[in-house]
Amino acid sequence: MAETKTAAYICQGCGIGERLSTRQLAQIAQKEGKMALVREHPFLCGAEGVGLIRDDIEREAVTHVLIAACSRRAKTEAFHFPTVALARANLREGVLWSQPEADEAAGLTQEMANDYVRMGCAELKKTKLPLGNPLAATNRRILVVGGGVSGLTAALEAARAGYQVVLVEKERALGGWAAKLHKRVPFREPHADPADTGIEQLIAQVTGHPRIRVHLGATLLETRGAPGRFSVQVSVESGAAVTEEVGSIVQATGFTLYDAGKLPALGYGKTPDVVDQAGLERLARQAAAAGGAIRRPSDGAEVGSVVFVQCAGQRDEGGSHLPYCSGHCCATSIKQAMYFKDANPEVDTVVIYTDLRVPGSGEDFYRSAQRKGVTFTKGRVASVEPASGGCKVSFRDLILDEDVALEADLVVLATGQVPNSGVNIELADDDPAKAAQVPILNLAYRQGKDMPQLKHGFTDSHFICFPYETRRTGIYAAGPVRRPMDMAQAVEDATGAALKAIQAVENAAAGRAAHPRSGDLSYPIVRIEGCTQCKRCTVECPFGAIDEDESRFPVFNESRCRRCGTCMGACPVRVIGFENYSVDTVGAQIKAVDMPDEFSEKPRVLLLACENDAYPALDMAALQRRVYSAFVRVIPVRCLGSVNTIWITDALNSGYDGVMLMGCKHGEDYQCHFVKGSELANYRMGKIDDTLKQLGLETERVATYEVAITDVARVARLIDDYVAKILEIGLSPMKGFA
Amino acid sequence: MSGERYRNSFLREVEHNVEEGHWVKMCMQCGVCSGSCPFGPHWAHPPQELFMMIRAGKREEVLGSDAMWMCTSCYNCVVRCPRKLPITHIMHGLANYAHRLGLAPKNQPTRQFAKMFWDNLSKTGRVNELKLSLGLYFKDGFKQGIRNALAMKDIGLGMLKAKRLNPLELVKPHACKGAKDIHAILAKAKEIEDRRKGLSA
Amino acid sequence: MAGSVATSQTILVVGGGIAGMTAALEAAECGKEVVLIEKSPTLGGRTTLLYRYFPKMCHPICGLEINLRRLKGNRRVRVLTLAEPVAVSGTRGDYTAQIRLAPRYVNDNCTACGECARAVTAEIPNPFDYNLGRIKAAYLPHAMAYPQRYVLDPSIIGSEDADRAKAACRYGAVDLDMKEETVELKVGAVVWATGWQPYDAARIQPYGYGRLRNVVTSVEFERLADPRGPTGGRILRPSDGREAKNVAFIQCAGSRDENHLRHCSRVCCMASLKQTQYVHEAWGEEARSTVYYIDIRAIDRFEDFYRRVQADPTVSFVKSKVARIEEDRASGDVILHGVDTEGYHRYAARHDLAVLAIGMEPALRAVEVPPDLPFDASGFIEAGAGGMFGAGCAAAPLDVNRAVQSATAAALRAIQVVNKTADVETI
């Protein structure tokens, strides 16, 4: 490793040179910051400025570069020096654009800039250029769990991209639900008639593909490891266990139909002539095999009239059935009504719905059914009962506003999809519901055997913009296990999941982080000899990246890590850090600030701002020239979850008058990109009051805020209000003791 | 009765016998027709509801309704219907069918007027306005007829003065030149229509 | 086309909205070379112009920030803004794309310091506010614009304003001699993520958009609710700037309508449900929102959100396609006429403002493409056998989540082409 050589570059552009003494900044960088090389430049991001830095890196062997110019979010193309450690002091947005231009403000503005240069130098000296996970693992095979349409598609699409695939299916045949269908809902123009499922061809393509290995009648006994190096024990049909080494996993375990037996009010179980949609598919397949009409189960008579009851046991407000809508069932009932109408237009087919949900070109399918004579009635079904020669359906016709009953030979209940998600790891171990659940992935992870579920048992991502981001790196949900969906969507979803699985193995092989810090080469480095086995890191990691070894020391699985630093924030003995982001890189910045004495009337407030939302909001406030107090010093953090309480106590001990933390919204609709970071920070700060009291400080000296990226006006106001509050309670008595 | 509800039977009947009746099943119950009708507030069942009633098999209620007789052919519903149903035509078709079956409300004024108009017109090949209006005045009896006539007397005298009304038409109505041909045309048209509706047999 | 060989390893992604950015980034993070072209001066697309997302009520630019950071950190994606494809020829694995680059009149010396905007006097309707507000003719599209670089509106080129902008720039970033140019790219696969555009509301005659002052579209309403928008986030009606507290939401404005768009645009129900919450947040218990609908299409767990809105006492639902809107001349109020079809109840309902939940139509127009990119009758891209793929709303009317899934899938299909391993025909 080459010798460290630091250099600071101070830009004078965008008005920095006019409103600040860059000479003074340069002197600070040199004398206090101990930068080996300090340069000022009128237009640092221009070709000449960038060339200057590049030359220094090449000719002067500079290894550490401080850019004191604009925000780290700006001019990233210009200031791209991948071979050196880099720090940015935010003089433009952080100082110039957020401070008043008036002459009398110049003093405080300069003080602010001086501090940011001090902080930048301090950070830089503690920073190392990340070199990537040295334990990078390079297995690029992909495991697909589940052999229905989703799993088959994921396997085939990954294989077509050139990757080796192992497919595990618990049944003895591939095809899943699709293999049980008579026909499928059409997925391309003219969206008029039921289409062939195509499942045989899909199965043939998978089984015939040279890069795909299939295990039937197989389940996972244990999944151990991390992206790039998963080791999976598969129990195969013969009963033997085989080990498959893979790099990433797609979980396409599908759904189970909601148990219609729980719907006696809708007649299920009271007469065989009430079936669910799967039951109707069975009847349709039997009819097709026999070459005749669909016959009702009770007496084998040809069905002359059929009623479809939508939302059976779904969209339930009473809390006893599924609360959600399975999305596909309207189109499925339309398709099934067509089974009858296409064979014999004289059959009466009535679909009773409350909202007919056929988005997109499904509208054409709906029209086609009407054209074929399927009757659609907006109504709410009260009961289905056996009646002489069939079933009696009692319902309220919501258009005609009356209670009616009609008779039908057959009733089809459109029940919903229940995801096959395995174990809900968030349930307590003694919860009887958990005991009944059978794990699927059998992860040998500290935090549980399956993926965390989001809502209603589905393994979906919480993020609208990032649907594939599960909380287990390198494991992606696809198909109805993630969200209720139809076949067309499952195909799309599985193809996307296959991409993510490919990406995961490529990232793991290169030692890079996955989303949202994609490409990040830093990784957690642990000084294990200092560890006290408190387990906070293993418990709190939002991604289940950390296991425990036999002697209960944490085991970091770097390729499972998302680099949020929650472990670093959790660690009471501060043995966890990253090369370019550590207790030291932030701690040194906190300590580098020049602390005015208690008689100066110049408080200092530390603001730790989440780099994903609060920091951009501050930047945008500056872009709009929103002025805020010159007493604040901002340090961006990867996530509020990475905030170690030592930073707070250090700050207060060294004379800061207050500490603000700005993180993302937590709770039900959390916006934290690392799931739990802001929530954990909130929890930790809730407990800091005791420390404050020990120090003889007011609890107001630490304040936590939820800030959205759009809170542009609010961030400035929060700062001003907080500084006003601090002035009200008085400066810290700790000043001068540091 | 519930046995026939929501069955194809009445919908089928409408499809076979009512002009443009095959469109009824395409309605998605959005209600834009009902809201667009300028006479909407005055009838019991707006088109969308009528279509639902047809699908629900309410034969007597539909055919005995005065609703479709209220249509003024403004076509607001037709241009706005998101499913492009020719609603105006369906309304007239339904009215016509109900009339043919003798199920239309007896004293529905539009129906009475339409019948008089037709009888009046088809007799001579042209409309005798005097006879038509007098017929209307007196449709509810002699006393009411006199009252109606007196109420309208100023307009009548005005028209007389302006030579827009010839009292002699009452005794000696003049026919169009080719009344015979008109009768032949109408007879042929009826034959074609009946055949189309399957009534000729 | 089994056995075809990609002649280029590059993937072209057309469209820099959320679908295009996703397709580009997902492919690049798999190690592929990507060119991402966007016709406007900034990435981000239409989601950037939304105030919030359903059902979380979170902010679209939060995800944009993450995507931009992914982009800044990934050198495999080359971004061209103000760039539009004019023609694409060739076959799977071997396409040639003609890209027209419109002049920005600002080069990459720009530091976004804003001096040019201060110097310029002319104003233009703000295209990033659906033209509701006005901005200087030298402008940064919005606070999250990427590239973070100003743009000069072509209307001032040749004027003194342009000279003033040039004189104000101390970094030589204003270049008035920039000309339109066309470049040619060889690529192996193309992802069309050209997105959607709101259906032309003025064509829905009975709703009076363009004639009645207080009838706006749902996309405009997003701007009215957004603190970054023309009213600073206050929901004010256009006619008189009065607070719009009683708001009507009219579903299927253009969608599910054979006179306009045949398809259901999928997002509009959820968008209106979301917007009722803007009204509630703005005016508290005084708020009144009425949703006029045919079917509420709140699929999967969106149903939870629907239920939440149903429980909101400030929101009511009427199952009715509104027949027409008239204006009360004196007050500017809108009066909606129609029939509540659940039991036949006629209404003439007065509201401060009517919001048309406007339908989505595909935005891709006037590009010469080879026949291996099939379109359906509505203009959405269907799956084909070639090396070009639709992603996001170019392929179907989709919500953001599904558009991102679609784009991720499209990225893999493109990778299959450039990996030369498509040994089975992809359909």
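If you're wondering where the values come from, they're calculated on a predicted model, not measured in any experiment.

Undergrad: An account of the overall build of chain C is requested, with residue identities and associated values reported.
TA: Regarding its fold elements, chain C presents 8 helices and 22 strands. In summary, chain C has a C-alpha radius of gyration of 23 Å against a globular reference of 22 Å for 427 residues, a match within 12%. The 427 residues of chain C split such that 67% are buried. Pairs at least 24 apart in sequence give 68% of the contacts found in chain C among residues at least 6 apart. Accessible surface, chain C as shown: approximately 14000 Å² in total, 49% of it carbon and sulfur.

Undergrad: So what about the packing of helix H4 (residues 106-126) of chain A against helix H14 (residues 583-592) of chain A? Which residues, and what values?
TA: Residues and elements named next belong to chain A. Closest axis-to-axis distance for the H4/H14 pair is 8 Å, and the angle between their directions is 150 degrees. One element, H4, and the other, H14, form an angle in the roughly antiparallel class. Considering only the axes of H4 and H14, their crossing is right-handed. Of the residues in H14, those touching H4 at Arg-118, Met-119, Ala-122, Glu-123 and Lys-126 are Asp-584, Thr-585, Ala-588, Gln-589 and Ala-592. Grouping the amino acids of the contact of H4 with H14 by side-chain chemistry returns 4 nonpolar, 2 polar and 4 charged.

Undergrad: Explain the interface of chain A and chain B to me, using residue names and the numbers behind them.
TA: Facing 26 residues of chain A, the contacting portion of chain B comprises 20 residues. The junction of chain A with chain B conceals about 2000 Å² of combined surface from both sides, 46% of it contributed by carbon and sulfur atoms. Residue Asp-348 of chain A pairs with Arg-7 of chain B through a salt bridge whose shortest N-O separation is 3.6 Å. Run the count over chain A and chain B and you get 14 residue pairs in polar contact (both at pLDDT 80 or more). Of all elements in the fold, only strand E15 (348-353), helix H9 (362-371), strand E16 (375-387), strand E17 (390-397) and strand E18 (402-408) of chain A reach the threshold of two or more residues within the side of chain A that touches chain B. Residue composition of the side of chain A that touches chain B, grouped by class: 12 nonpolar, 5 polar and 9 charged.

Undergrad: Requested: an account of the nonpolar core, with residues and values cited.
TA: In this structure, Trp-647, Ile-648 and Met-662 of chain A together with Phe-221 of chain C are the most contacted members of the largest nonpolar core, which totals 271 residues. At 11 residues, the largest contribution of residues to this core is made by helix H8 (residues 400-418) of chain C. When sequence neighbours within four positions are dropped, the list of residues in contact with Trp-647 of chain A reads Met-568, Tyr-581, Ser-582, Val-583, Val-586, Gly-587, Ile-590, Leu-608, Val-637 and Ser-642 of chain A. Core analysis: the next-biggest nonpolar cluster, separate from the first, contains 59 residues, Val-381 of chain A together with Leu-11, Trp-43 and Ala-67 of chain B among them.

Undergrad: I'd like to hear about the packing of helix H5 (residues 218-225) of chain C against helix H6 (residues 268-283) of chain C, residue by residue, with values.
TA: Residues and elements named next belong to chain C. Closest axis-to-axis distance for the H5/H6 pair is 11 Å, and the angle between their directions is 30 degrees. The angle between H5 and H6 falls in the class roughly parallel. For the pair H5 and H6, the sense of crossing is left-handed. Of the residues in H6, those touching H5 at Ser-218, Phe-221, Glu-222 and Ala-225 are Lys-274, Gln-275, Tyr-278 and Val-279. Per-class residue counts for the contact of H5 with H6 are 4 nonpolar, 2 polar and 2 charged.

Undergrad: Describe the interface of chain C and chain A, listing the residues and the values that go with them.
TA: Taken together, the contact pairs 86 residues of chain C with 96 residues of chain A. Counting each side, the surface lost to burial between chain C and chain A is near 7900 Å², with a carbon and sulfur contribution of 49%. Of all residues in chain C, Lys-56, Arg-301 and Gln-405 of chain C give up the largest surface area on contact with chain A, accounting jointly for 9% of the area buried on that side. Taken together, the links from chain C to chain A amount to 16 salt bridges. Counting every contact that joins chain C to chain A gives 53 residue pairs in polar contact (both at pLDDT 80 or more). When contributions to the side of chain C that touches chain A are tallied by element, the ones reaching two or more residues are helix H1 (18-28), helix H2 (60-72), helix H7 (302-310) and H8 of chain C.

Undergrad: Give me the domain arrangement of chain C: which residues, what numbers.
TA: Residue and element names in this part refer to chain C. You can read the domains of chain C as domain 1 (10-102 + 180-195 + 363-418), domain 2 (115-168) and domain 3 (200-359). Between domain 2 and domain 3, the residue contacts involve 5 residues of the former and 7 residues of the latter. For the pair domain 2 and domain 3, the summed buried area comes to about 540 Å², and 68% of that belongs to carbon and sulfur atoms. Per-residue buried area on domain 2 facing domain 3 is highest for Asp-129, Tyr-130 and Leu-132; these three make up 82% of the total on that side. Taken together, domain 2 and domain 3 are joined by 1 salt bridge. Between Arg-223 and Asp-129 there is a salt bridge, with the nearest N and O atoms lying 2.7 Å from each other. Residues belonging to the side of domain 2 that touches domain 3 are distributed by class as follows: 3 nonpolar, 1 polar and 1 charged.

Undergrad: Describe in detail empty space enclosed by the protein, supporting the description with residues and values.
TA: Residues and elements named next belong to chain A. In the structure shown here, the tally under the stated rule is 16 cavities of 30 Å³ or more. Approximately 120 Å³ is the volume attributed to the largest cavity. Around the largest cavity, the lining comprises 18 residues; the ones closest to its centre are Cys-531, Cys-534, Cys-537, Pro-554 and Cys-571. The set of elements that each furnish at least two residues to the lining of the largest cavity consists of helix H12 (536-540) and strand E24 (554-556). Of the residues assigned to the lining of the largest cavity, the class counts are 12 nonpolar, 3 polar and 3 charged.

Undergrad: Please set out helix H17 (residues 677-686) of chain A residue by residue, giving values where relevant.
TA: All names here are of chain A. Taken residue by residue, H17 has Gly-677, Ser-678, Leu-680, Ala-681, Arg-684 and Met-685 as its buried positions. The buried residues of H17 occupy an angular sector of 160 degrees when projected down its axis, which confines them to one face. Summarising the contacts, the buried residues of H17 are in contact with H12, helix H13 (566-570), helix H16 (645-653), strand E28 (658-663), helix H18 (688-694) and strand E29 (702-706).

Undergrad: Describe the sheet that holds strand E20 (residues 353-358) of chain C, and please don't skip the residues or the numbers.
TA: What links the strands of a sheet is backbone hydrogen bonding, and the strands pair in either a parallel or an antiparallel sense. Residue and element names in this part refer to chain C. Spatially, the 5 strands line up as an open sheet ordered E13-E20-E14-E15-E16, and their pairing is parallel. What marks the edges here is a single partner per strand, and that holds for strand E13 (215-217) and strand E16 (315-319). For this sheet the average axis-to-axis angle between neighbouring strands, irrespective of direction, equals 25 degrees. In the sheet, E13 pairs with E20 via 3 bridges, with the strands oriented parallel. Bridge pairing in E20 links Val-215 to Ala-354. On top of the sheet, H5 reaches E13, strand E14 (246-253) and E20; it is set at about 95 degrees to E13, its chief contact.

Undergrad: Report on the pattern of salt bridges, specifying residues and quantitative values.
TA: Throughout the structure, instances matching the rule amount to 105 salt bridges over all chains. Among the salt bridges present, the one from Lys-500 of chain A reaches Glu-26 of chain C, with a minimum N-O distance of 2.9 Å. Note that Lys-500 of chain A is positioned in helix H11 (residues 487-510) and Glu-26 of chain C in helix H1, a pairing that runs across two chains. In this structure Glu-26 of chain C comes out as buried when scored by relative accessible area, which is 4%. Between Lys-591 of chain A and Asp-650 of chain A there is a salt bridge, with the nearest N and O atoms lying 3.5 Å from each other. Of the two residues, Lys-591 of chain A is situated in helix H14 and Asp-650 of chain A in helix H16; the sequence distance between them amounts to 59 residues. Through salt bridges with shared partners, a single ionic network connects Glu-32, Glu-111, Asp-115, Arg-118, Lys-602, Arg-604 and Arg-633 of chain A.

Undergrad: Got a sec to walk through the side chain of Asp-364 of chain A? Specific residues and values, please.
TA: Topologically, Asp-364 of chain A is positioned in helix H9. Take Asp-364 of chain A: its relative accessible area is 13%, and that puts it in the buried class. Within the structure, the side chain of Asp-364 of chain A is placed 2.8 Å from the side chain of Arg-367 of chain A, a separation counted as a polar contact. Not counting the four nearest positions on each side in its chain, Asp-364 of chain A is found in contact with Pro-190 and His-191 of chain A together with Arg-262 of chain C.

Undergrad: Summarise the packing of aromatic side chains; cite the residues concerned and give the values.
TA: Inspection of the entire model under this criterion finds 19 aromatic pairs over all chains. With 5.0 Å between their ring centres and 55 degrees between their planes, Tyr-51 of chain C and Tyr-278 of chain C make a pair best called tilted. With a gap of 227 residues between them, Tyr-51 of chain C in the loop between strand E2 (33-37) and H2 and Tyr-278 of chain C in helix H6 connect regions that are remote in the sequence. For the pair Tyr-51 of chain C and Tyr-278 of chain C, one class covers both residues: buried. Seen in terms of ring centroids, Phe-54 of chain C and Phe-302 of chain C are 5.3 Å apart; in terms of plane orientation they differ by 90 degrees. Their pairing is edge-to-face. In this pair, Phe-54 of chain C sits in the loop between E2 and H2 while Phe-302 of chain C sits in helix H7, placing the two residues 248 residues apart along the sequence. Residues Phe-54 of chain C and Phe-302 of chain C agree in their burial class; the two are buried. Through pairs of rings, three or more aromatic residues link up here, namely Tyr-51, Phe-221, Phe-249 and Tyr-278 of chain C. Just above the ring of Tyr-366 of chain A sits the side chain of Arg-83 of chain B; from NZ or CZ to the centre is 4.8 Å. Lys-56 of chain C extends its terminal NZ or CZ atom over the ring of Tyr-670 of chain A, reaching a point 5.6 Å from the ring centre.

Definitions and cut-offs
Residues numbered from 1 in each chain as written. Chains lettered and ligands numbered in written order. Predicted model: local features only at pLDDT ≥ 70, side-chain atom pairs only at ≥ 80, totals over all residues. Heavy atoms only, no water. Helix = DSSP H or I, 4+ residues; strand = E, 2+ residues; numbered from the N terminus. Rg over C-alpha atoms; globule rule 2.2 N^0.38 Å. Buried < 20%, exposed > 50% of the residue type's maximum accessible area, 1.4 Å probe, protein only. Contact = heavy atoms within 4.5 Å. Areas by Shrake-Rupley, 256 points an atom, 1.4 Å probe, with all protein chains shown as cover. Axes fitted to C-alpha atoms, helices over the stretch in contact; angles between N-to-C directions. Parallel < 35°, antiparallel > 145°, perpendicular 65-115°, else oblique. Left-handed = near helix turned anticlockwise from the far one by under 90°. Nonpolar A, V, L, I, M, F, W, Y, C, P; charged D, E, K, R; others polar. Buried area = accessible area lost by both parts, 1.4 Å probe. Salt bridge = Lys/Arg side-chain N within 4 Å of Asp/Glu carboxyl O. Polar contact = N/O pair within 3.5 Å; in protein donor to acceptor, adjacent residues only side chain to side chain. Core = buried A, V, L, I, M, F, W, Y, C linked by side-chain atoms within 4.5 Å. Domains from an automatic or database assignment. 1 Å grid on protein atoms, 1.4 Å probe; cavity = no way out; pocket = protein on both sides within 12 Å on 5 of 7 lines; lining within 4 Å. Points joined across faces, edges and corners; volume = space filled by probe spheres on them. Arc of directions from axis to C-beta. Pairing = 2+ DSSP bridges. Phe/Tyr/Trp six-rings, centres within 6.5 Å; stacked < 30°, edge-to-face > 60°. Lys NZ or Arg CZ within 6 Å of the ring centre and 35° of its normal.

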